[in-house]
Amino acid sequence: MNDDFGTVLKKLRKNKNLTAKDVSFKLQNMGYTISAKTLSGYETGIRMPNADTFMALCQIYDCKNILETFSFVKADYSVPTDDEWNMIEKYRSLDDFGKDTVNIIIERELNRTENINEIKSSSAKLECNNVYDEAPDTPEELERLYPPIDINKFNSRTG
């Protein structure tokens, strides 16, 4: 059973271990004059916040995936999960060299995955067993299948 809008707001507040007074105070610091009683009205469904107040509440509650949290319909596009948002935040804190390194690894992994999928597809058509479903048995086999990246060739980018 899906929770209604107010119940979701209350769960988000409780998950952050905040009282209605705490949230009211945080909202006031953000420029919104909302009493604890008004917030209670939101949570019981008696009142509805305007869009700005709603977005401020989502910010206080660290609710990044608003569509997934408040909607009960399946979206036809992908919205990042909380883990993906955390990765994005980490990526944004990297310097240019770090971002270049991550981009190189992502491209390498995408190519590796595409190659494995092509091999699996070909193997399925030939009705053969696919040896790529198993992990390499030795470090040498791992290095042969996935050669290490020579990170030193990118040091010239650090300036």
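Scroll up a little and you will see the structure.
From a predicted model like this one, the values you see are computed outputs, not experimental measurements.

Asker: For this particular structure, what's the right way to read the nonpolar core?
Answerer: Nonpolar side chains in soluble globular proteins tend to end up buried together. Of all hydrophobic cores here, the largest spans 18 residues; its most connected members are Val23, Leu27, Leu39, Leu57, Tyr61 and Phe70. Secondary-structure elements contributing two or more residues to this core are α1 (5-15), α2 (20-29), α3 (36-44) and α4 (51-60). The residues contacting Leu39, other than those within four sequence positions of it, are Arg13, Ala20, Val23, Ile34, Leu57 and Tyr61.

Asker: Just checking my understanding: could you explain the state of the cysteines for this structure?
Answerer: Here a disulfide denotes a covalent bond joining the sulfur atom of one cysteine to the sulfur atom of another. Overall, the coordinates contain zero disulfides when judged by the stated rule. Note on Cys58: no disulfide assigned, nearest cysteine sulfur contributed by Cys63 at a separation of 4.4 Å. On the basis of relative accessible area, Cys58 is assigned to the buried category, the value being 3%.

Asker: I would appreciate a short explanation of α1 in the present structure.
Answerer: In an α-helix there are 3.6 residues to a turn, and that puts residues three or four apart on one side. Looking at α1, one finds that the buried residues are Gly6, Val8, Leu9, Leu12 and Arg13. Taken end-on, α1 shows its buried residues confined to a sector of 160°, consistent with a single buried face. Looking at the buried positions of α1, the neighbouring elements they touch are α2, α3, α4 and α5 (66-70). Of the residues flanking the end of α1, it is Asn17, one or two places downstream, whose phi is positive at about 55°.

Reading the values: rules and limits
Residues numbered from 1 in each chain as written. Predicted model: local features only at pLDDT ≥ 70, side-chain atom pairs only at ≥ 80, totals over all residues. Heavy atoms only, no water. Core = buried A, V, L, I, M, F, W, Y, C linked by side-chain atoms within 4.5 Å. Buried < 20%, exposed > 50% of the residue type's maximum accessible area, 1.4 Å probe, protein only. Helix = DSSP H or I, 4+ residues; strand = E, 2+ residues; numbered from the N terminus. Contact = heavy atoms within 4.5 Å. Disulfide = S-S within 2.5 Å. Arc of directions from axis to C-beta.

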